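Commentary on secondary and tertiary structure
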Amino acid sequence: MLEDLIKKEVERQNQDLGLIPSENYASPRVLKIMGTPLSNKYAEGYPGKRYYQGMKWVDKIESYAIELAKRVFKVPYANVQPHAGAIANLAVYLAFLKPGDKVMGMSLDAGGHLTHGSKVNITGKWFQSVPYTVNKETEMLDFDEIRKIALKEKPKLIIAGYSAYPRQVDFKEFKEIAREIDAILLADISHIAGLIVGEIHSHPYPYADVITTTTHKTLRGPRGALLMGKEKYAKILDKAIFPGLQGGPLEHVIAAKAAALEEASTKEFKEYAKKIVKLAKAMEEEFLNRGYRLVSGGTDTHLLLIDLRNKGINGKKAAVLLEKNHIIVNANSIPFDPNPPTKPSGIRLGTPMMATRGMEVDDAKYVVELIDRALQGEDVKEEVLNLTKLYPVYEESV
Ligand SMILES: *Cc1c(COP(=O)(O)O)cnc(C)c1O
């Protein structure tokens, strides 16, 4: 029964055209490593300072993962234990803030993450959120406005990094603002880590004091996260993860993170990162040709945020309609969305999964055509299935 359901899901991943910008297809090697008996080992603590015996090999594996993370991200400190991006971010709060302290991240509806101070998240309940948003006209970061809020509110922590922002981030500008008020700057590069490692986007280090990233988005590793940054914060950040927030680390996932970081060091990975943006640019052009309004006018990342209000359909309805045609996107709010999050005005889609599958610019343009026709009520199921059949992701045996 369980095996059947898993098989069905793998089949679905092969057949569907995955366009969710926060998802990807980890390599068979990464997946295989996650299924090893490393999962059995308790390893509270850090390499060389454990609370359990039998650490001879696991210490070597975790040390290797740490070294790789430092090398790949060109940072002096890395912690490979965070179970998820949300936990890595929470560790930063725990390390630098007290409950009630002010934190400044982008509001959720403008493209920030829940853990950047949203009311429904612990970061908005236990800390005082003084959010910034994007400029109403340009729908891009407005550093004059961000500086104004920062100088007025003096948050202890400033967060740069987003879940639905289609433009490159200038971390240096953020650093200058953080420096003026002596705030800690956190770069949450969860979405763009692969683009940074691939040297497509500029690097947040050394501007950011701390960097968090998930490992399963553009980085294309196992589900999990990394916590990195300046050497001087190593101790308090390590302590915030363990014993502050977590118990035993997931060593099978840590080994899989190491495998993903090995992949990220290759020439092929750079090509993949380049391809992600190239495909997104091709989709941008094709959407604009077809009269779609793109938030901020376009993209220079892996993702596009499409305002569907001039197309007479809301984001939720569009996402459901597309799923019926085997195209998987997110319904998503747009900045200053007049509609509620249950019926947002936009959809969010991205190209990392297409790039991993090996799709080309012509495919990306064809995908936009298929989306456009599907949104007009046409049945494009067979065409989508024919396309994905050309670019299979996993063998039956996974
Ligand atoms: C995805 C994401 C996270 C959270 O990652 P989880 O692993 O889902 O907890 C944090 N920050 C940003 C910007 C993200 O996009």
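These lines cover the structure that appears in this document, whether it is placed above or below.

Reading the values: the criteria
Numbering of residues starts from 1 in each chain and follows the order in which that chain's sequence is written. Reporting of local features is limited, given that this is a predicted model, to residues whose pLDDT is at least 70; pairs of side-chain atoms are given and counted only at 80 or more, and all residues count toward the totals for whole chains, interfaces and linings. The side-chain quantities take in all heavy atoms of the structure and omit both hydrogens and water. Under the scheme used here, helices are H or I runs from DSSP no shorter than 4 residues and strands are E runs no shorter than 2 residues, and both carry numbers assigned from the N terminus. This radius of gyration counts C-alpha atoms alone. The globule rule is 2.2 Å times how many residues there are, raised to the power 0.38. Accessible area is worked out with a 1.4 Å probe on protein chains only. A residue is then buried under 20% of its type maximum, exposed over 50%, and partly exposed in between. How far a helix is expected to stretch is found by multiplying one less than its residue total by 1.5 Å. Here a residue counts as near a molecule or strand whenever at least one of its heavy atoms sits within 4 Å of it. Under the rule applied, a polar contact is a pair of N or O atoms within 3.5 Å (in protein, one hydrogen donor and one hydrogen acceptor; residues adjacent in sequence only if both atoms are side-chain atoms). Method for areas: the Shrake-Rupley scheme with a 1.4 Å probe, in which residue coverage is limited to the protein chains shown. Basically, the charged four are Asp, Glu, Lys and Arg, the nonpolar ten are Ala, Val, Leu, Ile, Met, Phe, Trp, Tyr, Cys and Pro, and anything else, Gly included, counts as polar. Here, a strand pair is defined by DSSP locating no fewer than two bridges between the strands. Think of it like this: strands point away, you trace from the first strand over the helix to the second, and a clockwise trace means the crossover is right-handed. Stacked, tilted and edge-to-face are the three classes applied to pairs of Phe, Tyr and Trp rings, where Trp contributes its six-membered ring and a pair requires centres within 6.5 Å; stacked means planes under 30 degrees apart, edge-to-face means over 60, and tilted covers the rest. Geometrically, a charge over a ring is one whose NZ (Lys) or CZ (Arg) sits within 6 Å of the ring centre while staying within 35 degrees of the ring normal.

**Structural notes on the overall build of the protein**
Summing up its helical and strand segments, the protein has 15 helices and 15 strands in all. Taken over the C-alpha trace, the protein has a radius of gyration of 21 Å; the compact-globule value for 398 residues is 21 Å, and the two agree within 12%. Across its three principal axes, the protein shows a C-alpha extent of roughly 60 × 55 × 40 Å. Buried residues in the protein amount to 57% of all 398 residues.

**Description of helix α14 (residues 361-375)**
Along an α-helix, a turn takes 3.6 residues, which lines up residues three or four apart on a common side. Its 15 residues place the ends of α14 21 Å apart at the C-alpha level, agreeing with the 21 Å of an ideal helix rising 1.5 Å per residue. All of the buried residues in α14 are D363, A364, V367, V368, L370, I371, D372, R373, A374 and L375.

**Section: the site of the ligand**
Taken together, 13 residues are adjacent to the ligand, and A86, S163, D188, H191 and K217 come closest. Within the backbone of A86, a nitrogen or oxygen atom sits 2.8 Å from an oxygen atom of the ligand. A distance of 2.8 Å separates an oxygen atom of the ligand from a polar side-chain atom of K217. In the complex, the protein chains occlude 85% of the 380 Å² of accessible area that the ligand would expose alone. With three residues, the top contributor of residues to the shell around the ligand is helix α4 (residues 85-96). Of the residues contributing to the shell around the ligand, the split by class is three nonpolar, eight polar and two charged.

**Describing the pairing of strand β7 (residues 157-160)**
Burial along β7 is two-sided: the residues L157 and I159 and I158 and A160 are all buried. Of the strand pairs in this sheet, strand β5 (residues 102-104) and β7 are connected by two bridges, and their pairing is parallel. When the sheet's bridge partners are listed, V103 is paired in β7 with L157. Two strands pair when backbone bridges link them, and β7 and strand β8 (residues 184-188) are joined in this way by four bridges, in the parallel orientation. Counted as the bridge partner of A160 is A187 from β8. In this fold, β7 hands off to helix α7 (residues 171-181), which returns the chain to β8; that crossover is right-handed.

**Quick look at the packing of aromatic side chains**
Under the definition given, this model contains 11 aromatic pairs. Geometrically, the ring pair formed by F143 and F174 is edge-to-face, given 5.1 Å between the ring centres and 80 degrees between the ring planes. Here F174 lies in helix α7 and F143 lies in helix α6 (residues 143-153), a separation of 31 residues in the sequence. Looking at F174, the relative accessible area reads 0%, which means it is buried. Between F287 and Y292, the aromatic rings sit 5.2 Å apart at their centres with planes inclined by 75 degrees, giving edge-to-face as the arrangement. Given the relative accessible area of 0%, F287 is considered buried. An aromatic cluster of at least three residues, connected via ring pairs, comprises Y132, F143, Y162, Y165 and F174. Lying over the aromatic face of F336, K136 brings its terminal NZ or CZ to 4.8 Å of the ring centre.

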